[in-house]
Amino acid sequence: MDTESEVRSTARHEQMDAASQRFDDTEAQRDEVTRLRAVTESDVVDTKEQILARADRLLVTGEVPAQAVIELGRQDPVDSIRSLERVIGFANELQAANFLTRGARAAAAVARISLADNGREVPMGTGSMVSPQLLLTNNHVLPTRGAAESVVIEFRAEVDIDNVPNPTVRYRLAPDDFFVTDKHLDYTVVRVAPGPDGVAPGATFGWNPLIAKSGKIVIGEAMNIVGHPSGRLKEISIRHNRLDLQLDDFLHYASDTEPGNSGSPVFNDQWEIVALHHAGVPKKDDKGRVLRKDGKLWQSGDGDDAIDWIANEGVRVSVLLHDLGSRQFDSAQRALLDELGLAAVAPREAATALPPPSSVAESLVRGLRGRSGAFGGRRSVLFLHGRGQQGRDPVELRRNWTAGLNKGLTLAGLSPIDPADVYFPFYGDQLVESMDTREAVDSGPALYESLVAEAARRAGMPDAGDLPADPQARELFGGFGAVVLGRLRDQLSWIAARSGLDSALIGAIFKDVAAYLDDERVRKSVLDTVLVDAPTEGELILVSHSLGTVVAMDLLTQLPRELNVRLLVTAGSPLGMDGVHRKLLTGGPSRPERVGEWLNTWYAGDPIAIGCPLRQAWGPDLRDLPVENPKERAHDIAEYLAHAAVAATIGHTLSA
């Protein structure tokens, strides 16, 4: 252990020295930033490309209201960078009421990393979940697989609302399953082993997605850092941090963080990760010696908290993701990496991010049947998944669905269920194979295009003539749109900007929905696959998600008469869209008579549920339940099921 500690200490000081050198080498660039701030009388300065990208992101995600854009545009020509800088400054100055709530959610995924040594635990850094199973920290915190095997990860190492320390929740790492590290960029990504209940930590504490696109922050904007400085309980540093300089691989920022914050995520004001904190820059004398806060020379025995830190450095997320994406992985590791999501794929690579249909395994994976005699032998629960599950393990999928539901049941004060008791038909491989082998259909891409157009219209995408009535406002808003919004007329980009999902993923979902509805051979293949692993009698609780809700509506016309559908749950459903329900086997929005209770749950930020509430199309004889999902997991089934009201409906039906 002593050797490992020495290695970590040496690596950390090497990173500190490298950061100091980069700081010294960029003095002229910092002087130019200072000059520009004085000239423009604004803290927000950066390159034209960065300013445009940042303004785009803030506008289309609704962080700056359109009326504010009009008012700001009255102060400068609307096509000027100065006007865009004002937009960014406005977003920094005024925070929505949910700023702290969103911050608390982001902080929940941050954990303390401690070295376990002969019964003692020594805090050594911070890590954060960036997918359901993957943790991100520094290379100098976890430089090797051996180092990863020797630590524990603690979530909830913080005080509660009454300032009382919480009991922590501990996990071990599984570096043999996934471990990637890079010394120059000083990052490590490693899998966290599931807890005793078999549930991935992300299902309990959430995760903060990594986003490859530009526009997340510009020089002068505030930054927020969450971590465990010097191994203490979790702390959040907000408002006293500011981005000072963007380098090719790193960001330099003023901050009050401490060395123990190594591995902490650095957020913008929208709680998107912009950097991985890794090193401080100490103040030095003219001989290059490190100085203490009191101006005296620093000695190793003084401790790092005595150093006069003048700047901090973090690794840019986009650079980290590019390095990660350039590596080779086996299929199991690739499946874990895919959980980062399409937002983590660089834009130039997004077109090839989805696996082609030819990648389907030679032998199709079958679904799972529920355990005989479950729920008293009278009722069955069936989970019906959505698209994009090809190549996944149904056992793991069923476990993740159940974990989300059990979280909601616990919140509702009800007993959890065993994943083995649930039916889980699996049509993921079959869907892709049938789409791969189908012949062209008469409608071609027409249905897909109409679905996307309808979704964009429902998401408020303006037509070319949709400008304010006031002539001056029309000129201002129209001129501003020529600079910013004119580049965002693509329908998928508009939908993506209004939600937490990547445009490629939204497009893929609508393509698969269109393929299922447009080709009877694809539809029959999916329905036949589901029916093989569905119960045939008794009472059924049918829980469906995304494309699975469309399949479920068709499935209700195919199930045996001996099966009584006691409860239908649709989550994140596109059934409210005209282009969807008119293509169903029922021929339109006609509520199935065989369904007892129908609960439809939806989140307003979920673009696939853009047609909700369903009562507008399907009539009043169903219950629409709006919920609040994390924006970055707007369409996630585990998030839907984790809501107490959703889970309680299922739980009460099971126990009735």
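Structure shown above.
Basis of the calculations
Residues numbered from 1 in each chain as written. Predicted model: local features only at pLDDT ≥ 70, side-chain atom pairs only at ≥ 80, totals over all residues. Heavy atoms only, no water. Helix = DSSP H or I, 4+ residues; strand = E, 2+ residues; numbered from the N terminus. Contact = heavy atoms within 4.5 Å. Polar contact = N/O pair within 3.5 Å; in protein donor to acceptor, adjacent residues only side chain to side chain. Pairing = 2+ DSSP bridges. Axes fitted to C-alpha atoms, helices over the stretch in contact; angles between N-to-C directions. Phe/Tyr/Trp six-rings, centres within 6.5 Å; stacked < 30°, edge-to-face > 60°. Buried < 20%, exposed > 50% of the residue type's maximum accessible area, 1.4 Å probe, protein only. Salt bridge = Lys/Arg side-chain N within 4 Å of Asp/Glu carboxyl O. Core = buried A, V, L, I, M, F, W, Y, C linked by side-chain atoms within 4.5 Å.

### Concerning the environment of Lys407
Note that Lys407 resides in helix H11 (residues 394-411). Remark: the alpha-carbon pair of Lys407 and Ala644, spanning 237 residues in sequence, is separated by 7.9 Å. Sequence-distant contacts of Lys407, defined by excluding residues within four places in its chain, comprise Ala203, Thr204 and Ala642. Here the side chain of Lys407 touches Thr204 through a polar contact of 3.4 Å, landing on its backbone oxygen.

### Let's talk about the sheet that holds strand E7 (residues 187-191)
Pairing within the open sheet is antiparallel, and its seven strands lie in the order E5-E4-E1-E2-E3-E7-E6. The sheet is open, and its two edges are formed by strand E5 (169-172) and strand E6 (179-182), each paired on a single side. Looking at each pair of strands side by side, their axes are set apart by 35° on average, direction ignored. The sheet contact formed by E6 and E7 spans four bridges and is antiparallel. Residue pairing for E7: Asp182 is matched across the bridge by Tyr187.

### Describing the packing of aromatic side chains
Taken as a whole, this structure holds nine aromatic pairs when the rule is applied. With a centroid separation of 6.4 Å and an interplanar angle of 85°, the aromatic rings of Tyr171 and Phe205 are classed as edge-to-face. A residue pair is termed long-range when its members are at least 10 positions apart, and Tyr171 in strand E5 and Phe205 in helix H8 (residues 201-205) qualify at 34 residues. In this structure, Tyr171 and Phe205 share a single accessibility class: buried. Look at Trp401 and Phe424: their rings are 5.9 Å apart centre to centre, the planes differ by 85°, and that puts the pair in the edge-to-face class. With a gap of 23 residues between them, Trp401 in helix H11 and Phe424 in the loop between strand E16 (422-423) and helix H12 (428-437) connect regions that are remote in the sequence.

### Description of the pattern of salt bridges
Think of it this way: side chains of opposite charge can pair up when their charged atoms draw near. Scanning the model with the defined rule gives 29 salt bridges in all. Among the salt bridges present, the one from Arg242 reaches Asp244, with a minimum N-O distance of 3.4 Å. Look at Arg242 and you get partly exposed, because its relative accessible area is 30%. In this structure, the salt-bridge partner of Arg327 is Asp323, at a minimum N-O distance of 3.0 Å. Residues joined by salt bridges that share partners form a network here, namely Arg37, Asp43, Arg242 and Asp244.

### Side note on the nonpolar core
Generally speaking, soluble globular proteins have nonpolar side chains that are buried together. The biggest cluster of nonpolar side chains holds 53 residues, and the ones touching the most others in it are Leu384, Phe510, Val551, Leu575 and Trp598. Take this core: its biggest share by element is seven residues, from helix H16 (residues 503-518). For Leu384, the contacting residues outside a window of four places in its chain are Trp401, Tyr427, Val530, Leu542, Val543, Ser544, His545, Gly548, Val551, Ala552 and Leu555. Counting residues in each nonpolar core, the second largest holds 31 residues, with Ala107, Ile273, Phe329 and Leu337 among its members.

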